[in-house]
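# Structural overview for review
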Amino acid sequence: MNHKYLPHTDADIAGMLETLRLRSLDDLFADVPEKVRLKSAYDIPPALSESQLRTHLGQSGGRQLVSFRGFGAYDHERPAHIDALSSRQEFLTSYTPYQPEVSQGTLQYIFEFQSVVCELTGLDVANASMYDGATAAAEAMMMAVILTNHPRVLASGALLPHVLEVLKTYAHFRGVELVVVPTKDGVIDTHELSELSKDPYAALIAAYPNRFGIVEDLSHLAEQTHQNQALLIAYCDLVALTVFKTPGSAGADIACGEAQSLGLPLSFGGPYVGYLATIAKYVRKMPGRICGMTTDNRGQRAYVLTLQAREQHIRRDKANSNICSNQSLMALQATIYAVTLGRQGLIEVAKRSIGAMHYLAERLVATGLFKKTYDAPFGYEVALTYRRKIDALNAKLTEKGYLGGYPLDERTAVYYAGEKMTKTLIDAFVAAVKEADHEI
Amino acid sequence: MAHLKFSQTHEWVRLEGDHAEIGISEYAQHSLGDVVFVDLPQVGSHYEAGEEFGAIESVKAASELNMPISGTVTAVNEALIDHPELVNQDPLKNWIIKIKVTDASHFDHLLDEAAYAKSHK
Amino acid sequence: MKYDKLIFELSKPGRVGYALPDQDLPETDLNRLYDANLLRERPAELPEVSELDVVRHYTNVSRLNFGVETGFYPLGSCTMKYNPKINDEVASLPGFRNIHPLQPTSTLQPLLRLYDEAATMLSHISGMAATSLNPFAGAHGELTGLMIMKAYHERRHDSRRTKVIIPDSAHGTNPASAAMLGYECITIKSTPEGLVDLQALQANLSEEVAGIMLTNPNTLGLFEKDILEISRLVHEAGGLLYYDGANLNALLGVARPGDMGFDIMHMNLHKTFSTPHGGGGPGSGPVGVAKHLVDLLPNPRIVKKDGGYAIENAPDAIGQIGGFYGNFLVVVRSYAYLRVMGAALGKVGPYAVLNANYVKEKLRAFYRLPIDGKYMHEFVFNGLIDQSTGIRTLDVAKRLLDYNVHAPTIYFPLLFEQSIMIEPTEGESKETLDEFVKIMASIAKEALEEPDCVRLAPHFTPVGRLDEVAAARKPILNYREYAKQL
């Protein structure tokens, strides 16, 4: 019997083979050495019907928890129309816009995404997105190394651990010396930074907010790095940038990070979407796709991929990067989210998240079971030190259906609260924490 | 008296005493198509013969610019920043950089106009 | 008239498109919590629009696009096959979509099992010992694979291996990835038959070569029939073989890269395994390796442990190449595809190759076939046979758009000046192929009889040819830049 994705009937095949003057499908593979020809079917399970697949996958999910954990993946209220719009086949099934005449849809939303990123970061130009925040940071690192010709980069020890790991891997294989700047009291240790700045370096990568939820002053860091002829790369959460000073106005040269917090589902880590933005003079050194405005031969306003001479399909071994794609559809979703929430709404999301986090922190500390780990100002994440073993607490909380703070060590965890967290939900969590503490 | 010669990589150099102008050939501009950007070096930079001193981009291609002879950059053609198309319009007149020559020996190995024209038929 | 509004132009102060839950908490006073110098001075100029504004806007914007479901999309090297709807549906299940990547593994067992099964199936299909699902895209998988190659030699303390051999027909990401890791690329010319030149290969093999990057079938669509010999030569010289999986579709049901001697490979789930291209992503580029390289696969890893599954960091791994575990929802889609295909997967290669050869035979009377080889799932024409009226590949491609067909890949591979690379895929019916042949033949005729019609194409698309030169000379890359010059 035919398969529903394979339309050829026996008659079709016979007719086509005749046109080719071949006797069987096997004849098409005369050049494939007999030794490597498959002799048996693949060792994969027999086909399922759709209902069987639904049942099977319905039972293959993870357990959903009420989450007070962020640490690089942030839950926000997600309007329904994002999926309705992004699942339109014209967006979903199209290819990279190499034929711009039939890809104005993709090109236009990329232009809008770039615009949104520039507005939020306060920088001049942004690319069409990157794979994720961590790889965006790695690309930013390479961009700085190429611009300054110094294969040494300083990275804040307060960046998310997985971002540091990716930076380390890329640095190792690309011959860059990556030095992690120690933290003190939850922020970059300025004394250590001064010491490490004595040798030439391409850039400092600072986290904003950092892994402890703390918002450090970027302007001082910008001043310092510029004095050392280095670049400041700010790894930022875009939601935070609606209320905190932008990397652009602080003097950062590059901003990059994870745009998942613009309403993308948690998705067990992917697909997410990275972003990268920079000042005008570095635009030609920016990796990734870039979309620009132009006109067509009928005088209409239109969009096209531009500055492609930097990219792999032209420069080949001299390209800025090997990146061949972006996370287009996720950039679309992030854009729809950002423009739907809009000028006021995103500020509200940030403010309410900050409000919820401060309320939660207050209440947890008030139980007497926790202390604030650091004094510095925090946003919608905070590090708290628990009086006993945090793993034990978290295990109990999971039994109760909660995802507790992310453990940094035996007793410290980083908590997150988003705008979905109401007083009731927070109070219930605090009660659960007290109960769990009692049970340990 | 200025001597005009060409490199294998399609740059020309017009040598006059110990100064020279450098640009790209008619063939190069034609292959590139509409030039959209010229990546100019810094004045004062020194490059050896064969070394990359900049790049030139069109919509469909990007090419390094290589020094035909060794020298120090004394001037860059700033008009090309806003009007890169000048290179297409008159590639032999619109120089890209001017240099003070530090080693003219390579000049002898370059191709004169006739030899260059033959080399890429 | 084309829809021509940017979302920013629909903005009206005070309009909202969202609703947030009432938190029952006092309003946050930022000035009380933070010093003024930490706060943003002026708000981001994002639009203020209603939900209907947003929905209408993006609906109209979408209609400016051509997707696989709009019509035939024979992009060579991209495998634009149908993206099944059931895949999208199951990828949206709450048990996948609402899961935080840092949840305790005790809450993730069925999901981790699915993840592991997907990796295992891909290993079986590719003939590799193990597969990492972490890379986000083909180019990312390539980079990861080359990191593995580099680490392999590093661990052998062999620092002489600084070069990678790449055929001149290779995709641009191959040398770009190699160069990114500091490798020097040795390009070897193809034979007149379009294949790797064994003599050139031998001449370039040495103790300085880390490995070779190959696609098989290659970017011309030709199977490297000497692959076993190539494998032997490279291995003898101490190098590794890397397989670029872009053309894996031709081999489904036919052969496995692992059996040909490849040590490392990447796959493209968004090509071979039906996940949607999304306008340029998200894809997924899993990396498979032979047994001796398994320890080098990137972290974090999902492994079988104590009767269940765990997430671990292995000490010998090359490190971490992405934030978490890859594009998980994309993996779910490819898993769904494999589970719905079952044994039919073995027919994909043969039907894809049949379709490509059929189209090639029917069109070779009109288009130049530079190499009369045994093509597999794609083939390359070098422009029209009759170019007396000056009609080039670009013009043909643009004219196709008027017929509701997406143009094939053009100007790649670089081996031919007027490349047109056509890959129908296995899912297209004979009727669709016949229709395509008819259209292409008709354009060839137009090229001679009404060349302007082709030269000035497209005529019926929302926009005509674009001024790419202006876009590159004076880039306007965001709304703010655009608004400035109004």
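Now for a look at the structure at hand. Bear in mind the structure is a predicted one, so any value in this text is a computation, not a measurement.

### Some thoughts on the overall build of chain C
- The secondary structure content of chain C amounts to 16 helices and 12 strands.
- By the compact-globule yardstick of 23 Å for 486 residues, chain C fits well, its C-alpha radius of gyration being 25 Å.
- On the principal axes, the C-alpha backbone points of chain C span a range of 75 × 70 × 45 Å.
- Within chain C, the fraction of its 486 residues that count as buried is 59%.
- Put simply, of all contacts in chain C between residues at least 6 apart along the chain, 72% involve residues at least 24 apart.

### Here we look at the interface of chain B and chain C
- With 5 residues of chain B at the contact, the number on the chain C side is 4 residues.
- Within the side of chain B that touches chain C, the residues separate by chemical class into 4 nonpolar, no polar and 1 charged.

### Re the packing of helix H12 (residues 393-402) of chain C against helix H13 (residues 430-449) of chain C
Residue and element names in this part refer to chain C.
- Close contact between H12 and H13 brings their axes to 10 Å; oriented N to C, the two are set at 125 degrees. It follows that H12 is oblique to H13 by the angle criterion. Where H12 crosses over H13, the two elements pack in a sense that is right-handed. For the pair H12 and H13, the contacting residues are Val396, Arg399 and Leu400 in the first and Ile439, Ile443 and Glu446 in the second.
- By residue class, the composition of the contact of H12 with H13 is 4 nonpolar, no polar and 2 charged.

### Looking at the pairing of strand S12 (residues 301-305) of chain A
Residue and element names in this part refer to chain A.
- Most of S12 sits inside the fold, with 4 of its 5 residues counted as buried.
- By the bridge criterion, 5 bridges tie strand S11 (residues 291-295) to S12 in an arrangement that is antiparallel. Bridge assignment links Thr295 to a residue of S12, and that residue is Arg301.
- Once S11 ends, the chain turns through 5 residues before running back antiparallel as S12, passing Gly299 with a positive phi of about 80 degrees.

### What to know about the interface of chain C and chain A
- Taken together, the contacts link 172 residues of chain C with 171 residues of chain A.
- Partitioning the side of chain C that touches chain A into residue classes produces 98 nonpolar, 45 polar and 29 charged.

### Topic: the packing of helix H5 (residues 109-126) of chain C against helix H10 (residues 328-341) of chain C
Residues and elements named next belong to chain C.
- Relative orientation of the contacting elements H5 and H10 amounts to 60 degrees, with a least axis distance of 10 Å. In this view, H5 runs oblique relative to H10, as classed from their interaxial angle. Viewed along their axes, H5 and H10 form a crossing whose handedness is left-handed. Only Val331, Ser334, Tyr335 and Leu338 of H10 make contact with H5, whose side of the interface consists of Leu114, Tyr115, Ala118 and Met121.
- Class assignment for the residues of the contact of H5 with H10 results in 7 nonpolar, 1 polar and no charged.

Calculation criteria
The numbering scheme is per chain: residues are counted from 1 as the chain's sequence reads. Naming scheme: in the order in which they are written, chains are lettered from A and ligands are numbered from 1. Only residues with pLDDT of at least 70 are given local features in this predicted model, and only at 80 or more are side-chain atom pairs given and counted; all residues enter the totals for whole chains, interfaces and linings. Runs of E in the DSSP output that reach at least two residues are strands. Runs of H or I that reach at least four are helices, and both are numbered from the N terminus. With C-alpha atoms as the basis for the radius of gyration, the globule rule is written as 2.2 Å multiplied by the number of residues raised to the power 0.38. Residues with at least 20 other C-beta atoms within 10 Å of their own are called buried, those with 12 or fewer are called exposed, and the rest are partly exposed. The C-beta atoms themselves are positioned from the backbone. For the purpose of contact definition, each residue receives a C-beta atom placed from its backbone, and two residues are in contact when these atoms lie within 7 Å. When residues are grouped by polarity, Ala, Val, Leu, Ile, Met, Phe, Trp, Tyr, Cys and Pro land in nonpolar, Asp, Glu, Lys and Arg in charged, and all others, Gly among them, in polar. Here an axis means a line fitted to C-alpha atoms, over the contact stretch when the element is a helix, while the angle between two N-to-C directions is reported on a 0 to 180 degree scale. Relative orientations are named as follows: roughly parallel for angles under 35 degrees, roughly antiparallel for angles over 145 degrees, roughly perpendicular for angles from 65 to 115 degrees, and oblique for any other angle. With the far helix as reference, a near helix turned anticlockwise by less than a right angle produces a left-handed crossing, and one turned clockwise produces a right-handed crossing. In this scheme, strands are said to pair when DSSP sees at least two bridges between them.

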